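Here is what each chain is made of, one letter per residue.
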Amino acid sequence: MWEVRLSGPEAVKTVNEALDKFAAEHPVQAELVKLRYFAGMTNEEVSEVMGISVSTAKNYWNFSRAWLLNEIESE
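Residues numbered from 1 in each chain as written. Predicted model: local features only at pLDDT ≥ 70, side-chain atom pairs only at ≥ 80, totals over all residues. Heavy atoms only, no water.

Here we look at the overall build of the chain
- Assigned secondary structure in the chain consists of four helices and zero strands.
- Its C-alpha radius of gyration of 12 Å places the chain within 12% of the 11 Å reference for a compact globule of 75 residues.
- Across the chain, every contact between residues at least 6 apart in sequence was considered, and the portion connecting residues at least 24 apart equals 58%.
- Averaging the coordinates of the 7 positive side-chain charges in the chain and doing the same for the 12 negative ones gives two points 3 Å apart. (Helix = DSSP H or I, 4+ residues; strand = E, 2+ residues; numbered from the N terminus. Rg over C-alpha atoms; globule rule 2.2 N^0.38 Å. Contact = heavy atoms within 4.5 Å. Lys, Arg positive; Asp, Glu negative; His and termini not counted. Charge placed at Lys NZ, Arg CZ, Asp CG, Glu CD.)

A closer look at the pattern of salt bridges
- A full pass over the atoms with the stated rule returns two salt bridges.
- Here Lys-13 and Glu-17 are joined by a salt bridge, their closest N and O atoms 3.9 Å apart. With Lys-13 and Glu-17 both in helix 1 (residues 9-25) and four residues apart, this pair spans about one turn of that helix.
- We classify Glu-17 as partly exposed; its relative accessible area is 37%.
- Here Lys-21 and Glu-71 are joined by a salt bridge, their closest N and O atoms 3.3 Å apart. (Salt bridge = Lys/Arg side-chain N within 4 Å of Asp/Glu carboxyl O. Buried < 20%, exposed > 50% of the residue type's maximum accessible area, 1.4 Å probe, protein only.)

Some words on the environment of Asp-20
- By the element assignment, Asp-20 lies in helix 1.
- Separated by 10 residues in the primary sequence, Asp-20 and Ala-30 have C-alpha atoms spaced 8.5 Å apart.

Here you go:
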């Protein structure tokens, strides 16, 4: 799912910090990340829960993954 392979306690801290920063700047997209990544929902399920179209969910997911990857790689 993610392009970067992280492990250990430092990885958890890095991902948490990146997600916190992302949520401060993009709260709706961060909610989608939480539903997709942590709850294991599909784009279709997320779109229904969030009241957005499937194409918007896919766009948010792609944007979120790119943003978070860039943030984590810059650490």
